[in-house]
Amino acid sequence: MSAPTTFTDLGLSDALLDSVSKAGYSQPTPIQEKAIPYVQMGRDLLGCAQTGTGKTAGFTLPLIDMLADGRARARMPRSLILEPTRELAAQVGESFQKYGINHKLTMALLTGGTSLTDQERKLERGVDVLIATPGRLIDLIQRGKIILANVKILVIDEADRMLDMGFIPDIETIVGRLPPLRQTLFFSATMPPEIRRLADRFLSNPKEVAVSRPARTADTIEQAILRCGVETYRKREALRTLLNLDEPQSALVFCNRKRDVSTLQRSLERHGYDAKALHGDMSQPARTETLESFRDGKVRLMVCSDVAARGLDIPSVSHVYNYDVPSRPEDYVHRIGRTGRAGRQGKAFTLVTKADARSYANLLKLIEEELREVQLPEVETRAEDSAPPAVANTNSGPSSSHSRRRSGNSRHSGSTQIQPSNEPHNPTASFGDHTPAFLLRPLRVAQR
Ligand code: AMP
């Protein structure tokens, strides 16, 4: 058997080898091993890989070495990376800073929702790497603040998401401003015919690399579903029961609709949970603040929409809760991929109602596996779901309201048990002195 490829084998400069080692990487990931040599050769690349595979370093590492010689001119970036969301753009920016510590490359982020003046000032000084979302970039192009004639390398990242978000016309406009003689790297998590057609338009004789299907993340993620009533309060109650069971320190709760993100977040807050909301309609400072407090562990639950959470790389996320079955099955893979990162274990629960039958069937078709079914004892229906809170938010460890615990006198009846806590039950203020019976009963998971 041949020895595994090392970063040294990939011919990276000593400066980069040093930063890669400081980043703690001992070996290239498969996408890095496959993509880096082609990028170094100057070839166009069509990469099928999702976030979590190490694809960002797959293009940023060679880019840094390739841009090491040369100088940027005012308002004329030397390379351009297009990302669908501000968060992803920021994440790629962080990667550049991490891998580029030994280089003197300049970088600017051009994303909506932040001060245009600061961004313009940076561009004015000249940047080697411009990381942008399409809308803001078009804005600056139209106002004559940026010239793309000097871009030698273009990266179109998350192309399938760009397509979903309606960015393709913008990308076409942007590409129309670039010199035809350039290197283009095109990444997409999925490669449906529509994406291939786009790739044909933007790439010239590309090399194609792919890493195994995103659904492989399931190796480190324990997945289960919980069937529940269609009524909102039943879903909310079911979610709270699941939250009480595992008491995750860091969890994402996904909703399909933006308005449900806010409603659910408020409901969780009313019930004493430490939760913040993140969705695309929020102002950028609010998005950044929420994300930071979640990343820093100051907030344990982040209720979010797909757009806002796409590609987030927060290794400490231990649980993902799908409050809704995503209507696009690929989103399920992206959502659950926020946990179980970097070899850690993660759990993903999905609430499934009768109304989700079709989405759920599509999801199973995509992941090609059955999901375990968690069976909660019959959930008591209460109209009090919208009752005002009796508890203030806390973030003070196990005694917080988020950490309500249940009695551990579980019965075993041939079904898999989700580990309930053995600690005695603490009555919680939000239920008054009354604890609904369902919270005291053991939880069983049926094995399919
Ligand atoms: P990405 O798919 O680019 O979002 O990367 C996912 C995560 O993998 C990030 O946290 C990276 O820091 C990490 N990563 C990238 N390359 C490597 C590597 N060669 N070894 C270990 N971790 C890596």
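First things first, this report covers the structure right here in the doc. None of the values given here were measured: they were computed from a predicted structure. (Residues numbered from 1 in each chain as written. Predicted model: local features only at pLDDT ≥ 70, side-chain atom pairs only at ≥ 80, totals over all residues. Heavy atoms only, no water.)

1. Quick word on the overall build of the protein chain
At step 1: Helix and strand counts for the protein chain come out as 16 helices and 16 strands.
At step 2: Expressed as a percentage of its 448 residues, the buried residues of the protein chain come to 56%.
At step 3: The long-range fraction of contacts in the protein chain, counting pairs at least 24 apart against all pairs at least 6 apart in sequence, stands at 77%.
At step 4: If you sum the accessible surface of the protein chain, you get close to 19300 Å²; carbon and sulfur atoms cover 50% of it. (Helix = DSSP H or I, 4+ residues; strand = E, 2+ residues; numbered from the N terminus. Buried < 20%, exposed > 50% of the residue type's maximum accessible area, 1.4 Å probe, protein only. Contact = heavy atoms within 4.5 Å. Areas by Shrake-Rupley, 256 points an atom, 1.4 Å probe, with all protein chains shown as cover.)

2. Looking at the environment of Ser316
At step 1: Checked against the element boundaries, Ser316 lands in the loop between helix 13 (306-309) and strand 12 (319-322).
At step 2: Spatially, the C-alpha atom of Ser316 lies 9.9 Å from that of Gln345, the residues being 29 residues apart in sequence.
At step 3: Leave out the neighbours within four places in its chain, and Ser316 touches Ser250 and Arg344.

3. Topic: the site of the ligand
At step 1: The full set close to the ligand counts 15 residues, and Tyr25, Gly52, Gly54, Thr56 and Asp313 are the nearest of them.
At step 2: Within the backbone of Gly54, a nitrogen or oxygen atom sits 2.7 Å from an oxygen atom of the ligand.
At step 3: Asp313 is positioned such that a nitrogen or oxygen atom in its side chain is 2.5 Å from an oxygen atom of the ligand.
At step 4: Here the ligand loses 78% of its free accessible area of 500 Å² to cover by the protein chains.
At step 5: Tallied by class, residues from the shell around the ligand come to 3 nonpolar, 8 polar and 4 charged. (Near = heavy atom within 4 Å. Polar contact = N/O pair within 3.5 Å; in protein donor to acceptor, adjacent residues only side chain to side chain. Nonpolar A, V, L, I, M, F, W, Y, C, P; charged D, E, K, R; others polar.)

4. What to know about the pattern of salt bridges
At step 1: On inspection of all chains with the given rule, the structure shows 25 salt bridges.
At step 2: Residue Lys22 is joined to Asp18 by a salt bridge in which the shortest nitrogen-to-oxygen separation is 2.7 Å. Of this pair, Lys22 and Asp18 are both found in helix 1 (residues 14-22), 4 residues apart, which corresponds to roughly one turn of the helix.
At step 3: A salt bridge links Arg328 to Glu330; the nearest nitrogen and oxygen atoms lie 3.6 Å apart.
At step 4: Taking the relative accessible area as the measure of exposure, Arg328 reaches 26% and is therefore partly exposed.
At step 5: Overlapping salt bridges, with partners in common, bring together Arg161, Asp164, Arg328, Glu330 and Asp331 in one network. (Salt bridge = Lys/Arg side-chain N within 4 Å of Asp/Glu carboxyl O.)

5. Describing the packing of aromatic side chains
At step 1: Scanning the model with the defined rule gives 4 aromatic pairs in all.
At step 2: Above the ring of Phe202, the side-chain terminus of Arg201 is found at 5.8 Å from the ring centroid.
At step 3: Here the basic side chain of Lys235 rests over the ring of Tyr323, its NZ or CZ set 4.6 Å away from the ring centre. (Phe/Tyr/Trp six-rings, centres within 6.5 Å; stacked < 30°, edge-to-face > 60°. Lys NZ or Arg CZ within 6 Å of the ring centre and 35° of its normal.)

6. Let's talk about the nonpolar core
At step 1: Residues Leu80, Leu82, Leu130, Leu137, Ile146, Ile171 and Phe186 are the most contacted members of the largest nonpolar core, which totals 34 residues.
At step 2: Among residues more than four places away in sequence, those in contact with Leu137 are Leu80, Leu82, Leu110, Leu130, Ala132, Ile146 and Ile174. (Core = buried A, V, L, I, M, F, W, Y, C linked by side-chain atoms within 4.5 Å.)

7. Description of the environment of Leu268
At step 1: Following the sequence through the fold, Leu268 ends up in helix 11 (residues 258-270).
At step 2: C-alpha separation for the pair Leu268 and Leu239, spaced 29 residues apart in sequence, amounts to 9.4 Å.
At step 3: Setting aside residues up to four positions removed in sequence, Leu268 forms contacts with Leu239, Arg240, Leu243, Tyr273, Ala275, Leu301 and Val303.

8. Looking at the side chain of Lys235
At step 1: Looking at the element boundaries, Lys235 is found in helix 10 (residues 232-246).
At step 2: Within the structure, Lys235 has its side chain in polar contact with the side chain of Asp324 (distance 2.7 Å).
At step 3: Lys235 has contacts with Cys228, Gly229, Val230, Tyr323, Asp324, Leu351 and Thr353, leaving out every residue within four places of it along the chain.

9. Topic: the packing of helix 8 (residues 168-176) against helix 9 (residues 193-202)
At step 1: With their axes 12 Å apart at the nearest point, helix 8 and helix 9 run at an angle of 10° to one another. Taken together, the axes of helix 8 and helix 9 lie roughly parallel to each other. On helix 9, the residues touching Ile168, Ile171, Glu172 and Val175 of helix 8 are Leu198, Arg201 and Phe202.
At step 2: The residue makeup of the contact of helix 8 with helix 9, split by class, is 5 nonpolar, no polar and 2 charged. (Axes fitted to C-alpha atoms, helices over the stretch in contact; angles between N-to-C directions. Parallel < 35°, antiparallel > 145°, perpendicular 65-115°, else oblique.)

10. So, the sheet that holds strand 6 (residues 183-188)
Pairing between the strands of a sheet is mediated by backbone hydrogen bonds and can be parallel or antiparallel.
At step 1: Here 7 strands make up an open sheet; going across it, the order is 3-4-2-5-6-1-7 and the pairing parallel. Each edge of the sheet is formed by a strand with only one pairing partner; in this case those strands are strand 3 (107-110) and strand 7 (207-210). For this sheet, the mean angle separating the axes of adjacent strands, direction not counted, is 15°.
At step 2: Two elements, strand 5 (residues 153-156) and strand 6, share 4 bridges in a ladder whose sense is parallel. From the neighbouring strand, Ile153 faces strand 6, where its bridge partner is Gln183.
At step 3: Contacting strand 3 and strand 4 (129-132), helix 5 (residues 116-125) crosses the sheet at an angle of about 145° to strand 3. (Pairing = 2+ DSSP bridges.)

11. Here's the deal with the pairing of strand 5
At step 1: Burial along strand 5 is two-sided: the face carrying Ile153 and Val155 and the face carrying Leu154 and Ile156 are both buried.
At step 2: Two strands pair when backbone bridges link them, and strand 2 (residues 79-82) and strand 5 are joined in this way by 4 bridges, in the parallel orientation. Across the sheet, residue Leu80 finds its bridge partner in strand 5, namely Leu154.

12. With respect to helix 8
Note that an α-helix has 3.6 residues per turn; residues three or four places apart therefore point the same way.
At step 1: Every buried residue of helix 8 is accounted for by Ile168, Ile171, Ile174 and Val175. Projected down its long axis, helix 8 carries its buried residues within an arc of 115°, all on one side. Residues of helix 8 that are exposed and point more than 90 degrees away from the buried face comprise Pro169 and Gly176.
At step 2: At its buried positions, helix 8 is contacted by strand 2, helix 6 (134-142), strand 5, helix 7 (159-164) and helix 9. (Arc of directions from axis to C-beta.)

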